Structures are given as C-alpha cells and as structure tokens.
Amino acid sequence: MATSLKIDDTLKSRVQQLASQRRRSSHWIMLEAIQQYVEREEARESFKQEALASWAAYKETGRHLTGEEVRTWLTTWGTDDENPVPECHK
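What comes next concerns the included structure. From a predicted model like this one, the values you see are computed outputs, not experimental measurements. All chains use their own residue numbering, which begins from 1 and follows the written sequence. Side-chain atom pairs in this predicted model are given and counted only at pLDDT of 80 or more, local residue features only at pLDDT of at least 70, and totals for whole chains, interfaces and linings cover all residues. The side-chain values count all of the structure's non-hydrogen atoms but skip hydrogen atoms and water molecules.

One speaks of a salt bridge when a side-chain nitrogen belonging to Lys or Arg is within 4 Å of a carboxyl oxygen belonging to Asp or Glu. What the rule picks out here adds up to two salt bridges. We note a salt bridge from Arg44 to Glu41, for which the minimum N-O separation is 2.7 Å. Here the residue Arg44 and the residue Glu41 both occupy positions in helix α2 (residues 26-61), the gap between them amounting to three residues, near one helical turn. Think of it in three bands: residues with accessible area under 20% of the maximum for their type are buried, residues over 50% are exposed, and the middle band is partly exposed, with areas taken using a 1.4 Å probe on protein chains only. A residue is classified by how much of its surface remains accessible, and Glu41, at 25% relative accessible area, is partly exposed. Measuring nitrogen to oxygen at the nearest pair gives 3.5 Å for the salt bridge that ties Glu68 to Arg71. You can see Glu68 and its partner Arg71 sitting in helix α3 (residues 67-74), three residues apart, about one turn around the helix. You can call Glu68 partly exposed: its relative accessible area is 48%. Helix numbering and strand numbering both begin at the N terminus, where a helix is a DSSP run of H or I of at least 4 residues and a strand a DSSP run of E of at least 2.

Have a look at this one:
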C-alpha cells in the first residue's frame with residue numbers, strides 16, 4: 001500500500017541526516033519510526049484496557065492484593081525460595 005506523507009523541510013532534513021548516519025534509506029527510517037510508534041501506542045492501549053478491566057473486577061468483587069503483599073512476593077523472584085502468586089482477598 002502506497003501512502004504519502006507531507007513533512008516540513010526541517011524534519012525531512014533530520015530524517016535524511018539520520019538515514020545517512022545509519023546507512024539506511026529515509027524510507028526505512030520513517031517506516032521504523034511509524035512501526036515503533038504504533039507498537040508503543042498499542043501496548044499503552046492494552047495496558048490501559050487491562051487496568052480498566054482490573055478496576056472493574058475489583059469494584060465488582062473487592063478482591064485485591066496490597067502493595068506490600070506484591071512487593072514481598074516479588075522479592076522472592078529468582079531465588080531458591082520463589083513463592084507462588086499470592087491469593088487475592090477482600
């Protein structure tokens with residue numbers, strides 16, 4: 001799919017300079033930038049949706065873990081005494 005972008009001369013120059021430094025085409029630099037932006041925004045939206053779902057579940061059930069419970073559990077990660085995920089409670 002061909003798509004055109006209109007960018008100002010300053011940004012165009014910056015892209016061209018970066019492309020030259022990286023020994024890539026300007027096209028490659030712009031595609032990479034768009035891909036990284038889209039992936040980052042998709043991840044941000046996924047995180048937001050997960051947080052909203054978690055908040056809705058908490059409001060419905062009241063089940064949760066405290067910050068201290070989570071920190072205590074996380075301190076065991078990577079140790080010989082690694083603990084399983086703690087059970088949520090009211």
